[in-house]
Amino acid sequence: MTTRSRGPLAGFGWLTQGFSASYRHPKPLLGGAAFLMLACLLPSLITLPLQFHAINAGTQPSVATFGWIMAISMLLGLLTVPLYAGYLQMIDAAERGLPARALDIFKPYRQGEALRLIGYGLAMIVVYVAMFGIIIAATGGGIASWYMQVLTAQASHQPPPTVLPDGFGITMALFMVLGLFMTAFYAISLGQVALRRRSVFGAIGDGMIGALKNLLPLLVFAVSSVLAWIVVAVALVIVLLLVTLLAKLISPWLVLVVIVPLYIALFLMIFAVMFGMMYHLWRDVCGDDTLTGMAPALTA
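Residues numbered from 1 in each chain as written. Predicted model: local features only at pLDDT ≥ 70, side-chain atom pairs only at ≥ 80, totals over all residues. Heavy atoms only, no water.

(A) Examining the environment of Met269 more closely. Relative to the helices and strands, Met269 resides in helix α11 (residues 253-286). For Met269, a relative accessible area of 21% puts it in the partly exposed group. Taking C-alpha positions, Met269 is 10.0 Å from Gly18, a pair spaced 251 residues apart along the chain. Residue contacts for Met269: discarding those within four places in its chain leaves Ser22, Tyr23 and Leu30. (Helix = DSSP H or I, 4+ residues; strand = E, 2+ residues; numbered from the N terminus. Buried < 20%, exposed > 50% of the residue type's maximum accessible area, 1.4 Å probe, protein only. Contact = heavy atoms within 4.5 Å.)

(B) Spotlight on the nonpolar core. In this structure, Trp14, Tyr87, Tyr120, Phe185, Leu190, Phe275 and Leu281 are the most contacted members of the largest nonpolar core, which totals 56 residues. Put simply, the parts of the chain that give this core at least two residues each are α1 (10-24), α2 (26-56), α4 (81-95), α6 (114-138), α8 (168-195), α9 (200-213), α10 (215-249) and α11. The element best represented in this core is α8, accounting for 13 residues. Residue contacts for Trp14: discarding those within four places in its chain leaves Asn214, Pro217, Leu218, Phe221, Met277, His280, Leu281, Asp284 and Val285. (Core = buried A, V, L, I, M, F, W, Y, C linked by side-chain atoms within 4.5 Å.)

(C) Geometry of the packing of α8 against α11. With their axes 8 Å apart at the nearest point, α8 and α11 run at an angle of 80° to one another. Classified by the angle between their axes, α8 and α11 sit roughly perpendicular to one another. Contact residues: α8 offers Thr183, Ala184, Tyr186, Ala187, Ile188, Leu190, Gly191, Gln192 and Leu195, while α11 offers Met277, Met278, Tyr279, Leu281, Trp282, Val285 and Cys286. Here the residues of the contact of α8 with α11 sort into 13 nonpolar, three polar and no charged. (Axes fitted to C-alpha atoms, helices over the stretch in contact; angles between N-to-C directions. Parallel < 35°, antiparallel > 145°, perpendicular 65-115°, else oblique. Nonpolar A, V, L, I, M, F, W, Y, C, P; charged D, E, K, R; others polar.)

(D) The packing of α4 against α8, seen in detail. Contact geometry of α4 with α8 gives a least axis separation of 9 Å together with a crossing angle of 80°. Relative to α8, the element α4 lies roughly perpendicular. Contacts between α4 and α8 involve Tyr84, Ala85, Leu88, Gln89 and Asp92 from the first element and Tyr186, Leu190, Gly191, Ala194 and Leu195 from the second. A per-class count over the contact of α4 with α8 returns seven nonpolar, two polar and one charged.

(E) Representation of a nonpolar patch on the surface within the structure. Together, Leu216, Leu219, Val223, Val226, Leu227, Ile230, Val234, Ile238 and Leu242 line one region of the surface with nonpolar side chains, adding up to about 830 Å² of accessible area. Here Ile230 is to be found in helix α10. (Patch = residues over 30% accessible without salt bridge, like charges linked within 9 Å, V, L, I, M, F, W, Y side chains within 5 Å. Areas by Shrake-Rupley, 256 points an atom, 1.4 Å probe, with all protein chains shown as cover. Salt bridge = Lys/Arg side-chain N within 4 Å of Asp/Glu carboxyl O.)

(F) Just α10, in detail. Taking 1.5 Å as the rise per residue, α10 with 35 residues should run 51 Å; its terminal C-alpha atoms sit 51 Å apart, in good agreement. Of all the positions in α10, only Pro217, Leu218, Phe221, Ser224, Ser225, Ala228, Leu236, Val243 and Ala247 are classed as buried. Buried-residue contacts for α10 involve α1, α8, α9 and α11. (Expected span 1.5 Å × (residues − 1).)

(G) Broad picture of the pattern of salt bridges. With the rule as written, the count across this model stands at six salt bridges. Its salt-bridge partner being Asp92, residue Arg96 comes within 2.9 Å of it at the nearest N-O pair. Assessed through its relative accessible area of 13%, Asp92 is described here as buried. The residue Asp104 makes a salt bridge to Arg101 at a minimum N-O spacing of 3.8 Å.

(H) Spatial organisation of the packing of aromatic side chains. Counted according to the given criterion, the structure contains eight aromatic pairs. A ring pair is formed by Phe19 and Trp229, whose centres lie 6.2 Å apart and whose planes are at 45°; its orientation type is tilted. In this pair, Phe19 sits in helix α1 while Trp229 sits in helix α10, placing the two residues 210 residues apart along the sequence. Judged by centre distance (5.7 Å) and plane angle (40°), the rings of Tyr84 and Phe275 are tilted. Residue Tyr84 is found in helix α4, and its partner Phe275 is found in helix α11; the two are separated by 191 residues along the sequence. A connected cluster of aromatic rings, assembled from ring pairs, spans Tyr84, Tyr87 and Phe275. (Phe/Tyr/Trp six-rings, centres within 6.5 Å; stacked < 30°, edge-to-face > 60°.)

(I) Structural detail: unusual backbone geometry. The backbone of Arg197 shows a phi angle near 55°, a positive value even though the residue is not glycine. By the secondary structure assignment, Arg197 is in the loop between α8 and α9.

(J) The confidence of the model for the chain, seen in detail. With 83% of its residues at a pLDDT of 70 or more, the chain has an overall mean of 82. Within the chain, the element-level pLDDT minimum falls on helix α7 (residues 142-155), averaging 70, and the maximum on α4, averaging 94. Between residues 289-300, whose pLDDT stays under 50, and residues either more than four places distant or in other chains, the model counts 24 contacts. (pLDDT = per-residue confidence, 0-100.)

(K) Broad picture of the side chain of Asp104. On the secondary structure map, Asp104 appears in the loop between α4 and α5 (107-110). Look past the residues within four positions of Asp104 in its chain and what remains in contact with it is Gly86, Met90, Pro99 and Arg110.

Next comes the structure, spelled out in structure tokens:
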């Protein structure tokens, strides 16, 4: 499977196309985002009561309890991977002018594709752990021992260590670079396994190569995303100030009536924009050359 490299401005295009996709197809994308958000909250609804019970009892969760919480969270997280794929398939249908509904995110389960996608999610966990392990090992392992000290201090109700380990700044910088790389890696590989029905390892290979070929547009995408979310944050602060002022003049209940739907709408928009960006990133790097709106490839 051929992957293409794009020019630097492609990173800005992925972001703008992510926003525009949600405006062009608000009903399926925001409706699907609502279902997806509920599915992502399910692990918390199950594990949070266990954590609150431990807090109210004044004790730290045992190793066995912590293990069960992590296992349940990972299992439920894997079960949502087919929904991610279904969401990308729904975006693909909407962008191609085909019928698209919010409930289409459940198609991978209805069409018997869930096991392959869950296998992809499990393989990606292994990749994530391996990459983080490589960075920690390359920086001397000081972060790992420091983090264990933090956990031990929390378990014994002691203050965490105040001295950061050697190489902390370099490690954090590498983690940021890895996170940026994984953005494209995950978008491309998920697109391949969901939209091209590639094998799990074939999709992961495509994601790795495609991300490496597009590091420069990824950097532009990261800068554009930071600037975009600063604008969104400023607009949100202005709205909150206006609502608070009106609440003082009218009723404090106005804050809840306006703020809660506003936060829900913001989260839905984040989901829709994020997956819209992932779809257009995949389409730019691995999609058909005949698709509309495609910029010419720089290199094959």
